[in-house]
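Per-entry structural report
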Amino acid sequence: MGKPLYSTALNLSKATLGTLPFVYLGSLWFGALGVLYGQAVGNIVFGVLGYIVLKFHISELRKTGECQSTEEDPSLVCVNSQPFSTTDPVMINDVSKVEEQLESPTLSG
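Residues numbered from 1 in each chain as written. Predicted model: local features only at pLDDT ≥ 70, side-chain atom pairs only at ≥ 80, totals over all residues. Heavy atoms only, no water.

Section: the overall build of the protein chain
Broken down by element type, the protein chain carries 4 helices and 0 strands. Of the regular secondary structure in the protein chain, the N- to C-terminal order runs α-α-α-α. Looking at the protein chain residue by residue over its 109 residues, the buried ones come to 11%. Restricting to contacts in the protein chain with at least 6 residues of sequence separation, those with at least 24 account for 53%. (Helix = DSSP H or I, 4+ residues; strand = E, 2+ residues; numbered from the N terminus. Buried < 20%, exposed > 50% of the residue type's maximum accessible area, 1.4 Å probe, protein only. Contact = heavy atoms within 4.5 Å.)

As for the pattern of salt bridges
Taken as a whole and assessed by the stated rule, the structure comprises 1 salt bridge. A salt bridge links Glu 60 to Lys 63, with the nearest nitrogen and oxygen atoms 3.8 Å apart. Separated by 3 residues within a single helix, Glu 60 and Lys 63 lie in helix α3 (residues 32-64), roughly one turn from each other. Take Lys 63: its relative accessible area is 67%, and that puts it in the exposed class. (Salt bridge = Lys/Arg side-chain N within 4 Å of Asp/Glu carboxyl O.)

Considering the packing of helix α1 (residues 4-16) against α3
At a closest axis distance of 10 Å, the pairing of α1 and α3 adopts a crossing angle of 165°. Comparing their axes, α3 and α1 come out roughly antiparallel. Of the two possible hands of crossing, α1 and α3 adopt the one that is right-handed. When α1 is examined against α3, the residues Tyr 6, Leu 10, Ser 13 and Lys 14 are found in contact with a partner set consisting of Asn 43, Phe 46, Leu 49, Gly 50, Val 53, Phe 56 and His 57. Here the residues of the contact of α1 with α3 sort into 6 nonpolar, 4 polar and 1 charged. (Axes fitted to C-alpha atoms, helices over the stretch in contact; angles between N-to-C directions. Parallel < 35°, antiparallel > 145°, perpendicular 65-115°, else oblique. Left-handed = near helix turned anticlockwise from the far one by under 90°. Nonpolar A, V, L, I, M, F, W, Y, C, P; charged D, E, K, R; others polar.)

Some remarks on a nonpolar patch on the surface
Together, Tyr 24, Leu 25, Leu 28, Trp 29 and Phe 30 give the surface a local cluster of nonpolar side chains, amounting to about 630 Å² of exposed area. Tracing the sequence through the fold places Tyr 24 in helix α2 (residues 20-30). Residue Tyr 24 is classed as exposed on the basis of its relative accessible area of 52%. (Patch = residues over 30% accessible without salt bridge, like charges linked within 9 Å, V, L, I, M, F, W, Y side chains within 5 Å. Areas by Shrake-Rupley, 256 points an atom, 1.4 Å probe, with all protein chains shown as cover.)

Below you can see the structure in the form of structure tokens.
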């Protein structure tokens, strides 16, 4: 999304600040099991922090108008299907037919 520094900083911080203190404190309080819990808590903390940074970045993009779409994209239609379904090509054709119908003017009456 145009901000590789955000990703790099969050990943580096999670690998150091999000692991070492939590693992250390977890090991002091709960022993070997605390190491695992400490790492999990650190990952959760930095996951929430990453989500907050993402929401901030998206709001900044919307303010500048870089992320607003004026057209509806028919490929974003939610379709319930099973994984590895063989009906995917059919659904894609259906979406393109709907798009063609929306674009072509029809005369009624």
